[in-house]
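# An overview of the molecular structure
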Amino acid sequence: MDKIRRLRQAATEFAQRVKDIEPVAEVALFGSIAKGDPFPRDLDLAVILTKLDQIPALARAARKMSSHFHNWDVLVFDSHLNYVGRLCHRRECPSGLVKCIGCGDIPFIQHIRGFKFIPENFYSSPFETLFNRHPFSQFVQQREQFGIEEDRSFEQFEDVVLECMECGTLFTFSAGEQKFFKQHGLEQPKRCEPCRERKKMLEIGLYDYDETARFETP
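The structure reproduced in this document is the subject of the present report. (Residues numbered from 1 in each chain as written. Predicted model: local features only at pLDDT ≥ 70, side-chain atom pairs only at ≥ 80, totals over all residues. Heavy atoms only, no water.)

### Brief notes about a negative patch on the surface
The condition is simple: Patches here: salt-bridge-free residues with over 30% relative accessible area, like charges joined within 9 Å, nonpolar side chains (Val, Leu, Ile, Met, Phe, Trp, Tyr) joined within 5 Å. In these tables, accessible area is a Shrake-Rupley quantity obtained with a 1.4 Å probe, and a residue counts as shielded only by the protein chains included in the view. Note on definitions: salt bridges are taken to be side-chain nitrogens of Lys or Arg within 4 Å of carboxyl oxygens of Asp or Glu. Charge convention: Lys and Arg are scored as positive, Asp and Glu as negative, and His as well as the terminal groups of each chain are ignored. Working definition for charges: the position is that of NZ of Lys, CZ of Arg, CG of Asp or CD of Glu. We count a stretch as a helix when DSSP gives it H or I for four or more residues in a row; a strand needs E for two or more, and each element gets its number in order from the N terminus. Only protein chains enter the area calculation, which uses a 1.4 Å probe; residues under 20% of their type maximum are buried, those over 50% are exposed, and those in between are partly exposed.
Together, Glu158, Asp159, Glu177 and Glu193 line one region of the surface with negative charge. In this fold, aspartate 159 is placed in the loop between helix 5 (138-145) and strand 7 (160-163). By relative accessible area, aspartate 159 is classed as exposed at 52%.

Shown next, in the form of structure tokens:
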């Protein structure tokens, strides 16, 4: 099963599980998956809860997504669409293993250091409703109140062919690799994979320069 199908299956199964939790009013998929990004790196969901005492049950349902994919985030909102925080991945709260900001103030809600929730950024993201107890989406209504009419665009990437600076071989720098490199502030590769591997081996001393001759292309 390809990655996009796994992520969508994880999101759909999560929505099916939490619909039995009565305070869950709405579940929405947002971000790159909702936009149709062919190279998503994470799974982003948002949930509206009318009563926050059911967050532990919500967290248990969310952790089951890890059987499909570990890099998920569930943002929690109260009935007035105030941002509460994001669900913690840990089975116990407080865990005693890490020092979270406000850990345990609301069980299984974590706050990421340096992260600031900006409503305009959130509501400009593409949305896809997975479950709703109402005939209308509260997320969409809030988005309209902010006057947001178009989804925030995501940069598109296409495969490009590069020439290795060492051996001259042409190699493909895939769209997925380009997205990863840009997100991590990395420069475009200058060497093909065999030459990158050879350079790494030289740097860590596993080969001397004579031994690298076996890497050469005839």
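### Here's the deal with the pattern of salt bridges
Following the criterion strictly, the structure yields five salt bridges and no others. For glutamate 166, the salt bridge goes to arginine 198, with nearest N and O atoms at 2.6 Å. With glutamate 166 in the loop between strand 7 and strand 8 (170-173) and arginine 198 in helix 7 (residues 193-203), this residue pair connects regions lying 32 residues apart in the sequence. Taking relative accessible area as the criterion, glutamate 166 reaches 38% and is therefore assigned partly exposed. Overlapping salt bridges bring together Glu166, Arg191 and Arg198 as one network.

### A short note on helix 7
Given 3.6 residues to a turn, an α-helix orients residues that are three or four positions apart in the same direction. What counts here: Throughout, the arc means that of the directions going from the helix axis to the C-beta atoms.
Taken as a whole, helix 7 has its buried residues at Cys195, Arg198 and Met201. End-on, the buried residues of helix 7 take up no more than an arc of 120°, which puts them together on one face. In helix 7, those exposed residues whose orientation departs by more than 90 degrees from the buried face are Glu193 and Glu203.

### Let's talk about the nonpolar core
This is how the line gets drawn: Here, nonpolar core refers to any group of buried Ala, Val, Leu, Ile, Met, Phe, Trp, Tyr and Cys residues whose side-chain atoms link them within 4.5 Å.
Counting residues in hydrophobic clusters, the biggest one holds 32 residues, and the most contacted among them are Phe14, Leu43 and Leu87. Of all the elements in the fold, those that place two or more residues in this core are helix 1 (3-18), strand 1 (24-30), helix 2 (32-35), strand 2 (43-49), helix 3 (55-63), strand 3 (72-77) and strand 4 (83-87).

### Concerning unusual backbone geometry
One non-glycine residue, leucine 81, lies in positive phi territory at about 65°. Inspection of the secondary structure puts leucine 81 in the loop between strand 3 and strand 4. Look at leucine 81 and you get buried, because its relative accessible area is 12%. Even without a glycine there, the phi angle at phenylalanine 108 is positive, about 70°. Position of phenylalanine 108 relative to the elements: it lies in the loop between strand 4 and strand 5 (109-110).

### Considerations on the environment of isoleucine 106
What counts is decided by this rule: Contacts were defined at the residue level, with two residues in contact if any of their heavy atoms lie within 4.5 Å.
With respect to the helices and strands, the residue isoleucine 106 is situated in the loop between strand 4 and strand 5. For isoleucine 106, a relative accessible area of 28% gives the class partly exposed. Here the alpha-carbon distance between isoleucine 106 and valine 84, two residues 22 residues apart in the chain, equals 8.9 Å. In this structure, isoleucine 106 is in contact with Ile55 and Val84, ignoring residues within four places of it in sequence.

### Topic: the sheet that holds strand 1
Definition in use: For two strands to count as paired, DSSP must find a minimum of two bridges between them.
Here we have six strands laid out as an open sheet, ordered 5-4-3-2-1-6, and mixed in their pairing. Of all the strands in the sheet, the pair left with one neighbour each is strand 5 and strand 6 (127-132). As judged from the two bridges shared by strand 4 and strand 5, these two strands associate in the antiparallel manner. The residue of strand 5 that forms the bridge with arginine 86 is glutamine 110.

### Overview of the pairing of strand 4
Note on strand geometry: in a regular strand, side chains alternate between the two faces of the sheet. Counting buried positions over the five residues of strand 4 gives four, a clear majority of the element. Sheet analysis places strand 3 next to strand 4, joined by three bridges and oriented antiparallel. Residue leucine 75 lies in a different strand from strand 4, and its bridge partner there is arginine 86. The hairpin turn running from strand 3 into strand 4, its antiparallel successor, is five residues long, and leucine 81 in that turn takes a positive phi close to 65°.

### Brief notes about the state of the cysteines
What counts, and what does not: Any cysteine sulfur atom paired with another within 2.5 Å is treated as part of a disulfide.
A full pass over the atoms with the stated rule returns zero disulfides. Not part of a disulfide, cysteine 164 finds its nearest cysteine sulfur in cysteine 167, a span of 3.7 Å.

### A look at the environment of arginine 196
Note the following rule: Polar contact is the term for a pair of N or O atoms within 3.5 Å; when the atoms are in protein, one must be able to donate a hydrogen and the other to accept it, and sequence-neighboring residues count only if both atoms are side-chain atoms.
Take arginine 196: it is sitting in helix 7. For the pair arginine 196 and glutamate 166, spaced 30 residues apart in sequence, the C-alpha to C-alpha distance is 9.6 Å. Here arginine 196 is in contact with Phe171, Pro189 and Arg191, once residues within four sequence places are set aside. Within the local environment of arginine 196, its side chain forms a polar contact with the backbone oxygen of arginine 191, the two atoms lying 2.5 Å apart.

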